[in-house]
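# Working through the structure, step by step
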Amino acid sequence: SKTTTPTNGDTPFSVQIGAFKVHENASQRAEELRKLGLEVAVVARGPEGDATWYYVRVGRFTTMKEARDKASAVKKDQNLDGFPVRAEPNDREVN
């Protein structure tokens, strides 16, 4: 996926597993989750530079309910704490 991929199209919902100020930390966490077989994206929000947050998100869903169900599933199956989120228009996928 390119850095320009909008994350708020037909499937704006996902499960947020972590938030990081350092891109490398987010990428490392994403890699760990991918090894568990999860579909993971790293999403940047905020202006380029120090103000940016990097969110680690699992899945892509059309409804909040699907994202909630996925959050319950990863808690049960992988013991991961996550919560459903909706992508913002300026979120950008960076990986």
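Attention in this report is confined to the structure presented alongside it. Treat the numbers as computed from the prediction; the structure is a model and nothing was measured. (Residues numbered from 1 in each chain as written. Predicted model: local features only at pLDDT ≥ 70, side-chain atom pairs only at ≥ 80, totals over all residues. Heavy atoms only, no water.)

## Topic: the pairing of strand β1 (residues 13–20)
Each regular strand displays side chains that alternate between the two surfaces of the sheet. For the record, the criterion: Residue burial is assigned from relative accessible area. The probe radius is 1.4 Å, only protein chains are included, and a residue is buried under 20% of its type maximum, exposed over 50%, and partly exposed in between. Helix numbering and strand numbering both begin at the N terminus, where a helix is a DSSP run of H or I of at least 4 residues and a strand a DSSP run of E of at least 2. DSSP calls a pair of strands paired once it identifies at least 2 bridges connecting them.
Judged by how many residues are buried, β1 sits mostly within the fold: six of eight residues are covered. Of the pairings in the sheet, the one linking β1 to strand β3 (residues 53–61) comprises six bridges and is antiparallel in character. Bridge pairing links V15 to V58 in β3. Bridge count between β1 and strand β4 (residues 83–86): four bridges; the pairing is antiparallel. Residue pairing across strands places S14 opposite V85, the latter belonging to β4.

## Structural notes on the environment of E93
To keep things clear, this is the line we draw: Any pair of N or O atoms that falls within 3.5 Å is considered a polar contact. Within protein, one atom must be able to donate a hydrogen and the other to accept it, and sequence-neighbouring residues count only if both atoms are side-chain atoms.
Relative to the helices and strands, E93 resides in strand β5 (residues 92–93). Here E93 falls in the buried class, since its relative accessible area comes to 3%. At 2.8 Å, the side chain of E93 forms a polar contact with the side chain of R60.

## Description of the sheet that holds β5
For clarity, the threshold we go by: Note on contacts: a residue pair qualifies if any of its non-hydrogen atoms lie within 4.5 Å across the two residues. To get an axis, fit a line to the C-alpha atoms, keeping to the stretch in contact for a helix; angles then go from 0 to 180 degrees between the N-to-C directions.
With respect to topology, five strands assemble into an open sheet ordered β4-β1-β3-β2-β5, the strand pairing being antiparallel. The outermost strands of the open sheet, each flanked by one partner alone, are β4 and β5. In this sheet, β5 lies alongside strand β2 (residues 40–45) in antiparallel orientation, the contact comprising two bridges. In the strand pairing of β5, A44 is matched with R92. Running at roughly 160 degrees to β2, helix α1 (residues 23–35) makes contact with β1, β2 and β3 of the sheet. Set on the sheet, helix α2 (residues 64–78) makes contact with β1, β3 and β4; between it and β1 the angle comes to about 55 degrees.

Nothing here speaks to function; it is all geometry.
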